[in-house]
Amino acid sequence: MRKTVLVTTALCILLVAPLAAQTVLEQHNFATMSGWTPAAGNWAASGNRLHQRDDRAPLARIDKQLNQSGVYQIDFAIRYAGGGYRTDADWENQHFHAGFGVQLGISNPPLRRAAWGAGQSYLLWLNLDTRPETRRNAPEHYGFRAQVYESRSNIDMTLMRSEEIRQLLGSPVMSLDIIAILRQELGFDLRLEDIEPYLYRDVPISIRVDTRTGEIGVLDPTAPIRYYFRVNPSVLRGNYIALRTNSLAANFGNLIVTSR
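Keep in mind the model is a prediction, meaning the values are calculated, not measured. (Residues numbered from 1 in each chain as written. Predicted model: local features only at pLDDT ≥ 70, side-chain atom pairs only at ≥ 80, totals over all residues. Heavy atoms only, no water.)

A. Layout of unusual backbone geometry. For N108, which is not glycine, the phi torsion reads 55° and is therefore positive. Locating N108 in the fold gives a position in the loop between β8 (97-107) and β9 (120-129). Residues other than glycine seldom take positive phi values, yet N254 does so here, at roughly 50°. Inspection of the secondary structure puts N254 in strand β17 (residues 248-259). (Helix = DSSP H or I, 4+ residues; strand = E, 2+ residues; numbered from the N terminus.)

Here is the structure:
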């Protein structure tokens, strides 16, 4: 259980505390795309959902102006719509590759342009990659992973790394293999087919950000537990956020931003 303790310490796994008085900063039911600026991918609003319909786009992104300060929380729902594999053979062999995430604290984003990074910011990313070439050449991305990327410019973005992360997790990069941790440390054998039911329903996403301390808390969509970690607080005080996908068509609903 040693690694479990380390992971728990690194992420500060805590029971969710109810927010104090909240102020709604933004609320979108996506009747229209007003306020959102598509950059790459095929974005559209219909049926009170924001859709990214291009399941081959590697850098799909849509930006929203939002001045970020103090403590705020972003809540929305995401639902799978397609993609994640290239051929029928990939599907049969379970060779998948897809991801989505939220980019926070963006300053000077590359509006209306595809880009690898997005100014100075942090990308909170959930990635599924079971391709053999990834296991061989980039094992830090293999599996079902929760990752944090640090963007330094529109062309420079890498997995966040530090000596503190190395001491806690045994690796300097913020890239956690969710399936491996559950299997090895908790005895829970999560298989890819166990993830499949989540493809056909809304998955709630909740992210709490403290721009003063750099603390970010991500809610477990299956349990009332929030996972905390820290980043550079000066980077979090940006003026845009973004939704992103990679090789994945998805739709988003009922996004709300609150402050406390």
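Still to come is the rest of the account.
B. Representation of the nonpolar core within the structure. Ranked by internal contacts, the top residues of the largest apolar core, which has 41 residues, are F76, L104, I216 and L243. Counting residues per element, this core draws most heavily on β17, which supplies five residues. The contacts of I216, once residues within four sequence positions are left out, are L104, L124, I207, R208, V209, Y227, Y228, F229, V231 and L236. In this structure, L123, Y149, M157 and V173 belong to the second largest nonpolar core, which totals six residues. (Core = buried A, V, L, I, M, F, W, Y, C linked by side-chain atoms within 4.5 Å. Buried < 20%, exposed > 50% of the residue type's maximum accessible area, 1.4 Å probe, protein only. Contact = heavy atoms within 4.5 Å.)

C. Geometry of the pairing of strand β15 (residues 225-230). Of the strand pairs in this sheet, strand β14 (residues 215-219) and β15 are connected by five bridges, and their pairing is antiparallel. Along β15, the bridge assignment pairs I216 with F229. (Pairing = 2+ DSSP bridges.)

D. Region of interest: the environment of I165. Within the secondary structure, I165 is located in helix α4 (residues 163-169). Setting aside chain neighbours within four positions, we find I165 in contact with M160, G170, S171, P172, V173 and M174.

E. Region of interest: the side chain of Q73. Tracing the chain through its elements places Q73 in strand β7 (residues 71-83). With relative accessibility at 8%, the residue Q73 sits in the buried group. At 3.3 Å, the side chain of Q73 forms a polar contact with the side chain of S206. (Polar contact = N/O pair within 3.5 Å; in protein donor to acceptor, adjacent residues only side chain to side chain.)

F. Representation of the pairing of strand β5 (residues 49-52). Residues R49 and H51 of β5 are buried on one face, and the alternating residues L50 and Q52, pointing to the opposite face, are buried as well. Bridge analysis of strand β4 (residues 43-46) against β5 gives four bridges, and the strand direction is antiparallel. Bridging from a neighbouring strand, A44 pairs with H51 of β5. Taken together, β4 and the strand that follows it, β5, pair antiparallel across an intervening segment of two residues, in which G47 is found at a positive phi of about 60°. Examined bridge by bridge, β5 and β17 share three bridges and lie antiparallel to one another.

G. Molecular detail of the packing of aromatic side chains. Counted according to the given criterion, the structure contains seven aromatic pairs. Between Y85 and F96, the aromatic rings sit 6.5 Å apart at their centres with planes inclined by 75°, giving edge-to-face as the arrangement. Taken together, the residues span a long stretch of sequence, with Y85 in the loop between β7 and α2 (88-93) and F96 in the loop between α2 and β8 at a distance of eleven residues. Look at Y85 and you get partly exposed, because its relative accessible area is 32%. Relative accessible area serves as the criterion here: at 12%, F96 is assigned to the buried category. Aromatic side chains W116 and Y149 sit 6.2 Å apart centroid to centroid with 90° between the ring planes, which places their arrangement in the edge-to-face category. Taken together, the residues W116 in the loop between β8 and β9 and Y149 in strand β10 (residues 143-151) connect sequence positions 33 residues apart. When its relative accessible area of 39% is taken as the criterion, W116 is described as partly exposed. (Phe/Tyr/Trp six-rings, centres within 6.5 Å; stacked < 30°, edge-to-face > 60°.)

H. Seen up close, the environment of N127. Take N127: it is sitting in strand β9. Residues N127 and F100 lie 27 residues apart in sequence; the distance between their C-alpha atoms is 6.8 Å. In this structure N127 touches H97, A98, G99, H141, G143, F144, R145 and Q147, once residues within four positions along its chain are discounted. Within polar-contact distance, the side chain of N127 engages the side chain of W125 at 3.1 Å.

I. Local environment of the pattern of salt bridges. As enumerated under the stated definition, the model contains twelve salt bridges in all. A salt bridge links R152 to D156; its shortest N-O distance comes to 3.5 Å. Look at D156 and you get partly exposed, because its relative accessible area is 31%. One network of salt bridges, with partners in common, ties together R49, R79 and D202. (Salt bridge = Lys/Arg side-chain N within 4 Å of Asp/Glu carboxyl O.)

So yeah, pure geometry; function would need other evidence.
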